[in-house]
Amino acid sequence: MAKKKPSGRNIPAAKRLSKKELNETRQRLLERRSVLLSGAKQEYTAVHAREKGLQGDSFDVAQEVADESVSRGILATAEEEVGQINAALERIDNGAYGLCEVCTQPIPKERLKIVPYATMCVKCKSELEGENGSALDSYNLGIIDDIEDDEAAEDET
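The numbering scheme is per chain: residues are counted from 1 as the chain's sequence reads. Selection of residues for local features in this predicted model requires a pLDDT of at least 70, selection of side-chain atom pairs for listing and counting requires 80 or more, and totals for whole chains, interfaces and linings are taken over all residues. With hydrogens and water excluded, all non-hydrogen atoms of the structure serve as input to the side-chain values.

Visitor: Sorry if this is basic, but what is going on with the overall build of the protein chain here?
Guide: The secondary structure listing takes helices from DSSP runs of H or I that are at least 4 residues long and strands from runs of E that are at least 2 residues long, numbered from the N terminus. Scanning the protein chain for helices and strands turns up five helices and zero strands. Taken from the N to the C terminus, the helices and strands of the protein chain come in the order α-α-α-α-α. Counting the 157 residues in the protein chain, one finds 29% classified as buried. Only heavy atoms enter the contact rule, under which two residues are in contact if any of them lie within 4.5 Å. Looking at the protein chain alone, contacts between residues at least 24 apart form 62% of all its contacts between residues at least 6 apart. Summed over all atoms, the accessible surface of the protein chain reaches about 10400 Å², with 52% contributed by carbon and sulfur. Think of it in three bands: with a 1.4 Å probe and only protein chains considered, a residue is buried below 20% of the maximum accessible area for its type, exposed above 50%, and partly exposed in between. Under the convention used here, a 1.4 Å probe and the Shrake-Rupley method define accessible areas, while residue burial counts only the protein chains that appear.

Listed below in structure tokens is the structure:
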């Protein structure tokens, strides 16, 4: 069965993000992307400098290899987050931002403040992670219950 493409057309205005909120979110995403790209450039430069300078005793070389491994992990994480940010910016442009890609319902504003590139509401994200047997996304910062309560309150209105 094909996945429904989220569209904000049928969502009540009270649950949609305003143009001001979308512009503020766009700005936050662009700023975060800029910080990530700047940090990634520094890490990339450091990795290449270390690769050229591998010398010294075995402890020094081992430390350099460990540092390089950490740097490559940082670069991979930054690359993944930049991809998520770019996808969120695209969703803002096409009108699908803030809608769950699974159930097409609005993602609570509180969740989007924490994870501005979130693609799923808490309920769908929790169900998906339950199916996969993984822990909740670390970006949820332990406030899942509050967001779920907000979602339930929104559903009642």
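So much for the structure itself; the text now carries on.
Visitor: What am I meant to see in unusual backbone geometry here?
Guide: Glycine aside, a negative phi is what most residues show, and trans is what most peptide bonds show. We note that Thr104 has phi near 65°; this positive angle belongs to a residue other than glycine. Along the chain, the position of Thr104 falls in the loop between helix H2 (58–94) and helix H3 (109–114).

Visitor: Help me understand the side chain of Arg91, please; the structure alone is not making it clear to me.
Guide: Topologically, Arg91 is positioned in helix H2. Note that His is not counted, nor are the chain ends; the positive residues are Lys and Arg, and the negative ones are Asp and Glu. When a carboxyl oxygen of Asp or Glu is within 4 Å of a side-chain nitrogen of Lys or Arg, the pair counts as a salt bridge. Despite its burial, Arg91 remains without a salt bridge, the nearest opposite charge being carried by Glu101 at 5.9 Å. In contact with Arg91, other than residues within four places in its own chain, are Ala96, Tyr97, Tyr117, Ala118 and Thr119.

Visitor: Got a minute to help me understand the confidence of the model for the protein chain in this structure?
Guide: Caution applies to low-pLDDT parts of the model: their predicted coordinates are not meant to be read in detail. For the protein chain, the average pLDDT comes to 77, and 64% of its residues sit at 70 or higher. Each residue carries a pLDDT value, the predictor's own confidence for that position, ranging from 0 to 100. Here helix H5 (residues 144–156) stands out as the element of the protein chain with the lowest mean pLDDT, 53, in contrast to H3, whose mean of 92 is the highest. Confidence drops under a pLDDT of 50 for residues 135–147, and excluding neighbours within four residues, the segment shows 19 contacts in the predicted structure.

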